[in-house]
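Structural description and commentary
Here are the chains, one letter per residue:
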Amino acid sequence: MNRTGRGSTRPGVRAPLPSGAYAPSSVQRVSSAGNPVVEFEGEDGRRRTFDFAQCPLPGWHPVLAEVLARRVGPAGGLRTSTSSLAAWNNLRAFLRFLEARSDCPGDPSALTVAHVNAYTAAEIGRAGPVYGARRADHVWRLLRLEPAAGVIDAAAIGALRLRGAGTPGGGTAGYSDRELALIVDTARRDVMQLRDRLQATETLLGRLSLEPARLTDMERAEALRLAEIAAEGVAAPGSGQGFNAHRSRRELAEPLFVTRRDVPAMLVLLVAVTGRNIETVKELPAQHRLLDGRAVEVQLTKRRRGAGRWVQTVTWEIGPPGRELHHPGGVYLLLHRLMACGRELSTGPSSFWAVWRNLRRQASATVNEIGNPFAAALTAGIEVRQWGLDQHRLRGDDGQPLPVAFKRLRTSVEVRRTRALGGHLPSAARSNTAVVLFRNYLQADPVAREWAQEVTSDAITAAEQAALDAHRSALAGPVRPTVSGQPSMSHDAAHQGGQEGPWSACRDVSSHPATGRACRSSFLDCFHCGNCLIDSSHLPRLLALLIALEERRQQMTEEQWWARYGPAWAAIRSDVLPRFTPAEVARARLAQVPDALLDLVDEPWEHP
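Residues numbered from 1 in each chain as written. Predicted model: local features only at pLDDT ≥ 70, side-chain atom pairs only at ≥ 80, totals over all residues. Heavy atoms only, no water.

What to know about the overall build of the chain
Counting secondary structure elements, the chain contains 21 helices and 12 strands. With 608 residues in all, the chain has 42% of them scored as buried. Considering only contacts in the chain between residues 6 or more positions apart, those separated by 24 or more positions represent 63%. Carbon and sulfur atoms make up 51% of the accessible area of the chain, which totals about 32200 Å². (Helix = DSSP H or I, 4+ residues; strand = E, 2+ residues; numbered from the N terminus. Buried < 20%, exposed > 50% of the residue type's maximum accessible area, 1.4 Å probe, protein only. Contact = heavy atoms within 4.5 Å. Areas by Shrake-Rupley, 256 points an atom, 1.4 Å probe, with all protein chains shown as cover.)

See the structure below:
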């Protein structure tokens, strides 16, 4: 079949199909020793091999190999190297625990609830209730899959699910404004020093190429030495072994390449200006697209559960000249350029990261010393904590050493962006949902709580003032409620054709002062009406109404409460109660009154 290109298919013409049946490659195989092996390849390209020869209880191996292959396979929920390794390690620990028991189950069908209860109790005792439950959850998510679920007692599988264990806290608190500024400014200074260091070498090599005659003998010798290192990517000292050789080689490489000592400051600055988590920053690509010299478009890797939605395209502003290190696009392009020399020699040229590594601590040099330090694992042994404590001796607001943690840094950035956007979570949520933003970043942060309390307090004050203004505007008319300390007033009005209400009396329900027609308003609107009569007999019921309004306030949002009940509450508090003496109000509080019947004045659909 040779139909190709545009127009090769149309109604009535079948699309070309591949010859033969398609069979996807299996992630499960059998080793030469006869043991099941599961091959893992994540969405980020990282690979792992899980050989069941490392596990006890051979009778369990075939079943567990199948469920592990489903869990870490292309359609499984574990698609990162770290998550697949966590499942594998907890599965091995589960088998080792069973092997150590006197009533060891030799195959899955022999597993009982007693075995599982003993295992969960041991894990909780070892790691605590939260992390012990998490370890058991890893095993549960494997054993609930077929074929394990078909041969293991369902009650035993269910016993692995420890409900109510909780989570390791409600998020991590961020840094204060001063601490955040200190950390970011320190990282920015380190990056500026890195830029100056590499640009000085670049300038010297440029002079060697364009105007070698104007170099001094010392400058020429240094430039030739650096040019040789830049061409091969190998820094080899003349002599020495061990730590001395390592330090000598690093000193040779630092004028040309980014080294591991430079990486912590780069990571801190990238997380701070981009607002992305550290995993995304460590997997930045080298490929990008400039947009009119004002922004840069980058395709990010967003690590998620499952196999979908791992890639996200973002546009980062470069910023004006001189302010590039304050904008995500400017930081990305600067660091990309600083690592360009190493990237040409890197073992992973598609990665943003190209860092010189000392692979041998001796005089003899090695090749492939420049590469992505996060290619094998995201941890890479690069500790930002030591960067802040040992290298810069940062101090917090309490005068104590200030450890730098990427989770706290990310929380601080999320809090500031949410505050800048007025607290609107859907707008502030950039790489997560609004629920995740609040639960994992804003909920536990004291800066976010303090700011939210200020905003809420201001909103309540504004709503209360609006209700009071509306009530005063109503009272500015020709009529207003009549309030008297004599209990006979409302009864006289009732005898004269008026009507008694739940909290006040009405002179004439057939003629509203504003319309002249029969009154159709709510009883809560009586407090703004000229027909309203209030005396001391109503006072206990008015106080009961205020209590009911406060209870209703706990069941709905402040905005809804003020719109529905605020005007009545403001009228009672500011206009009615001040007309009674404190002694009258105190006596009324002691009186026994029935329920305020607040539900009777609401429409059914208005009940909270």
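Some thoughts on the pattern of salt bridges
One pass over the structure, following the stated rule, counts 27 salt bridges. Across the pair Asp103 and Arg101 runs a salt bridge, and its minimum N-O distance is 3.0 Å. Asp103 gets classed as partly exposed once you look at its relative accessible area, which sits at 37%. Linked through salt bridges whose partners overlap, the residues forming this network are Arg207, Glu211, Arg214 and Glu219. (Salt bridge = Lys/Arg side-chain N within 4 Å of Asp/Glu carboxyl O.)

Some points on the sheet that holds strand E5 (residues 295-301)
The 3 strands lie next to each other as E4-E5-E6, forming an open sheet whose pairing is antiparallel. Across the chains shown, the open sheet's two edge strands, defined by having one partner strand only, are strand E4 (289-291) and strand E6 (311-317). Direction aside, neighbouring strands of the sheet carry axes that sit 30 degrees apart on average. Where E4 and E5 come together, 3 bridges link them in antiparallel fashion. In the strand pairing of E5, Arg289 is matched with Glu297. Across the sheet, helix H11 (residues 328-338) lies against E4, E5 and E6, angled at about 100 degrees from E6, the strand it touches most. (Pairing = 2+ DSSP bridges. Axes fitted to C-alpha atoms, helices over the stretch in contact; angles between N-to-C directions.)

Observations concerning the sheet that holds strand E2 (residues 36-41)
Spatially, the 3 strands line up as an open sheet ordered E1-E2-E3, and their pairing is antiparallel. Edge strands, defined here as strands with exactly one partner in the open sheet, are strand E1 (28-30) and strand E3 (47-51). Pairwise comparison of adjacent strand axes, ignoring direction, gives a mean angle of 25 degrees for this sheet. Both E2 and E3 contribute to a ladder of 5 bridges, which runs antiparallel.

Brief notes about the confidence of the model for the chain
Considering every residue of the chain, the mean pLDDT works out to 81; 79% of them sit at 70 or more. Within the model, pLDDT remains below 50 along residues 361-365, and this stretch shows 16 contacts once partners closer than five positions in the same chain are excluded. (pLDDT = per-residue confidence, 0-100.)

A word on H11
Where burial is concerned, most of H11 is hidden: 9 out of the 11 residues are buried. Among all positions in H11, only Pro328, Gly329, Gly330, Val331, Tyr332, Leu334, Leu335, His336 and Leu338 are buried. Looking at the buried side of H11, the elements it contacts are helix H6 (177-210), helix H9 (263-274), E5, E6 and helix H12 (340-345).

Concerning the packing of aromatic side chains
Aromatic ring pairs are described here by two measures, namely the spacing of the ring centres and the angle between the planes. A complete count under the given rule lists 10 aromatic pairs for this structure. Pairing Tyr332 with Phe352 gives two aromatic rings, centres 5.0 Å apart and planes at 20 degrees, and the pair type is stacked. Here the residue Tyr332 occupies a position in helix H11, and Phe352 occupies one in the loop between H12 and strand E7 (355-356), the gap between them amounting to 20 residues. Like Phe352, Tyr332 is buried. The ring of Trp140 is capped by Arg161, whose NZ or CZ atom sits 4.2 Å from the centre of that ring. In this structure, Arg553 packs its charged tip against the face of Trp561, placed 4.4 Å from the ring centre. (Phe/Tyr/Trp six-rings, centres within 6.5 Å; stacked < 30°, edge-to-face > 60°. Lys NZ or Arg CZ within 6 Å of the ring centre and 35° of its normal.)

Thoughts on the nonpolar core
Ranked by size, the top nonpolar core spans 63 residues in total, and within it Val268, Leu335 and Trp353 carry the most contacts. Sort the elements by how many residues they give to this core and H9 lands first, with 10 residues. Setting aside chain neighbours within four positions, we find Trp353 in contact with Val263, Met266, Leu267, Leu270, Val281, Lys282, Leu284, Met339, Gly371, Asn372, Pro373 and Phe374. By size, the runner-up hydrophobic cluster in this structure holds 37 residues, among which are Ala65, Phe94, Leu111 and Ala156. (Core = buried A, V, L, I, M, F, W, Y, C linked by side-chain atoms within 4.5 Å.)

Section: the environment of Ile534
Along the chain, Ile534 turns up in strand E12 (residues 532-534). Take Ile534: its relative accessible area is 0%, and that puts it in the buried class. When the C-alpha atoms of Ile534 and Ala505 are compared, they prove to be 6.4 Å apart, with 29 residues separating the residues in sequence.

So, the packing of H6 against H11
Remark: H6 packs on H11, axes separated minimally by 10 Å, with the N-to-C direction vectors making an angle of 40 degrees. On the basis of the axis angle, H6 is oblique to H11. Here H6 runs over H11; the crossing is left-handed. Note on element contacts: H11 touches H6 through Leu334, Leu335, Arg337 and Leu338, opposite Val191, Leu194, Arg195, Leu198, Gln199 and Glu202. Residues that form the contact of H6 with H11 fall into these classes: 6 nonpolar, 1 polar and 3 charged. (Parallel < 35°, antiparallel > 145°, perpendicular 65-115°, else oblique. Left-handed = near helix turned anticlockwise from the far one by under 90°. Nonpolar A, V, L, I, M, F, W, Y, C, P; charged D, E, K, R; others polar.)

Remarks on the side chain of Thr201
With respect to the element layout, Thr201 can be found in helix H6. In this structure Thr201 comes out as buried when scored by relative accessible area, which is 7%. Discounting residues that sit within four places of it in the chain, Thr201 has contacts with Leu226, Pro255 and Leu256.

What to know about unusual backbone geometry
With omega at 5 degrees, the peptide bond leading from Glu146 into Pro147 counts as cis. Locating Pro147 in the fold gives a position in the loop between helix H3 (113-143) and helix H4 (148-151). In this structure, Arg393 is a non-glycine residue whose phi angle is positive, near 50 degrees. By the element assignment, Arg393 lies in the loop between helix H13 (384-391) and helix H14 (406-420).

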